[in-house]
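Geometric and topological summary
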Amino acid sequence: MSQPSGAIITAVRSAGVVGSGGGGFPTHVKLAANVDTVIANGSECEPLLASDKALLKENPTLVIDGLRIAMEATGATKGIIAIKGHYRDVVAALGPHLPSDRSIGIFELENYYPAGDEFLTVYDATGRAIPEGGLPLDVGVVVANVLTLAQVSHAVNGKPVTERPVTITGSVRTPMVATIPVGTPYKDAIAMAGGTLEADDVLLDGGPMMGCVVEDVNRGIAKTTSGIIALPADHIIVRTRQTTISQMVKKSKAACCQCFRCTDLCPRNLIGHSLYPHMTMRTIDYNLAEPVDHITSAFLCSQCGVCELVACDFMILSPRKIYAEYRKALIDRGIRNPHRKTASPLPELAYRKVPISLILKKLDLQRFAKPAPSIGYRSVSMVRIPLDRHAGAAALPVTAVGQTVRMGDVIAASPEDFLGSVCHASIAGKVTDVASDWIEIQGNQS
Ligand code: SF4
Ligand code: SF4
């Protein structure tokens, strides 16, 4: 039965649904838009991740229901489920549940990285190119991850976000997809997978291309944690992540040969945006403040990592890191993105897509590309629920140490007038610590 869009948006906001693919953007804000198309992004383009695929296979109707609700909220008449075409089992699982009125269909993506970058997903699935500094909304589209849409379906039935499927893989004994409470400590999640193969293995939160190093394994997973990947301490990805910005600048001055491979392969350059990473590296190498476009273009970088991990695989330089630093400095100075040009995708886009098989080989990930079967829900005895792992203002605690909470109780919320989200107790128990950026709950069974 259809519902008023205001009721959907209120339910999604109250349930604390945020983009679960990594961005953490509050979903109720996206659903307040008026568009003609909603794309369910199930591309899961990061190598080794398998949780979206598991969800689509095990619960296709939940995703389709969430997509239908998102279409209702935004007034969209078309729904597209974008998934990798070679996942024949997923396509087969979805097929029988698609509505007979053809309002929702499947778009089969090629197996490349970053097919799930929403600028590329939208272009692939609709032929519409999002302008510089723009959003899918600018071309009449809302994009939401498939898990986010499943959570939207739950939200309108009164169920808040308290758990999520996470791919636990890499250098672990038993790779798996486990559905675990938000706030499950990383070390407990890794223990579910039999522990790491080496004591000094390093954990990434997210996929190998965009994931961040987990600095403290006692902290809890977020609503955005799609994967926990263990990698050897000397692995190329770990070494690249741990290179500091000053080390990178020194290295670039010495080693960047201006071959422009980083620009040639940059997906955002290929989609037609004014992003030229080799030119930005030149600003670093020669301490140039001009042309300023090669600094402000930091706002156009998606942080996909193709430049650092695929293009510059010989020098191992990181335009991505430089852009992240520039962007931070620009925002700190109150400078906004000045780039607004309409995008005209380059003809080379068609044949410069980076195949996943190449990434696995180049980054020595082939040995970790093992099946990660879905094991369903796993409970834990303690959670540390992060309050600041979504876009916008951090959530402020509305609970105190010693308070007893039930699963689903609101424990923190962003200030009313700010972009942000609500956090809920992901297990029943007693609040045992309230920090500035997390709340700890000891479960009733512990
Ligand atoms: S950063 Fe690397 S890929 Fe880019 S121009 Fe320099 S050497 Fe070439
Ligand atoms: S991380 Fe590198 S390849 Fe990716 S968008 Fe930014 S500059 Fe381009």
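Each value, and the rule that gives it
Residues numbered from 1 in each chain as written. Chains lettered and ligands numbered in written order. Predicted model: local features only at pLDDT ≥ 70, side-chain atom pairs only at ≥ 80, totals over all residues. Heavy atoms only, no water. Domains from an automatic or database assignment. Core = buried A, V, L, I, M, F, W, Y, C linked by side-chain atoms within 4.5 Å. Buried < 20%, exposed > 50% of the residue type's maximum accessible area, 1.4 Å probe, protein only. Near = heavy atom within 4 Å. Nonpolar A, V, L, I, M, F, W, Y, C, P; charged D, E, K, R; others polar. Patch = residues over 30% accessible without salt bridge, like charges linked within 9 Å, V, L, I, M, F, W, Y side chains within 5 Å. Areas by Shrake-Rupley, 256 points an atom, 1.4 Å probe, with all protein chains shown as cover. Salt bridge = Lys/Arg side-chain N within 4 Å of Asp/Glu carboxyl O. Pairing = 2+ DSSP bridges. Helix = DSSP H or I, 4+ residues; strand = E, 2+ residues; numbered from the N terminus. Contact = heavy atoms within 4.5 Å. Axes fitted to C-alpha atoms, helices over the stretch in contact; angles between N-to-C directions.

**Some points on the domain arrangement of the protein chain**
Many authors give the size of an interface as the accessible area that is lost as the parts come together. Each domain of the protein chain was delimited in the assignment, giving domain 1 (5-156), domain 2 (162-235 + 367-380), domain 3 (245-362) and domain 4 (381-446). Computed from C-alpha coordinates alone, the two centres of domain 3 and domain 4 are separated by 37 Å.

**Overview of the nonpolar core**
Formed by 45 residues in total, the largest nonpolar core has its most connected members in Ile 39, Tyr 113, Leu 231, Ile 237, Leu 363 and Leu 365. Ranked by size, the runner-up nonpolar core spans 37 residues in total, among them Ile 81, Tyr 87, Leu 94 and Leu 147.

**Regarding the site of ligand 1**
All residues adjacent to ligand 1 are Cys 256, Cys 257, Gln 258, Cys 259, Phe 260, Cys 262, His 278, Met 281, Cys 312, Met 315 and Leu 317. Of the residues that constitute the shell around ligand 1, the class distribution is nine nonpolar, two polar and no charged.

**A word on a nonpolar patch on the surface**
Together, Phe 25, Val 29 and Leu 419 give the surface a local cluster of nonpolar side chains, amounting to about 200 Å² of exposed area. Exposure remark for Phe 25: the relative accessible area of 31% places this residue in the partly exposed category.

**Description of the sheet that holds strand S7 (residues 176-181)**
On the basis of which strands lie adjacent, the open sheet formed by six strands has the order S9-S8-S10-S6-S7-S12 and mixed pairing. Edge positions in the sheet fall to strand S9 (212-213) and strand S12 (374-377), since each of these pairs with one other strand and no more. Where strand S6 (residues 163-170) and strand S10 (residues 227-231) come together, four bridges link them in parallel fashion. Counterpart to Ile 168 in the pairing with S10 is Ile 228. Running at roughly 130° to S6, helix H3 (residues 51-58) makes contact with S6, S7 and S12 of the sheet.

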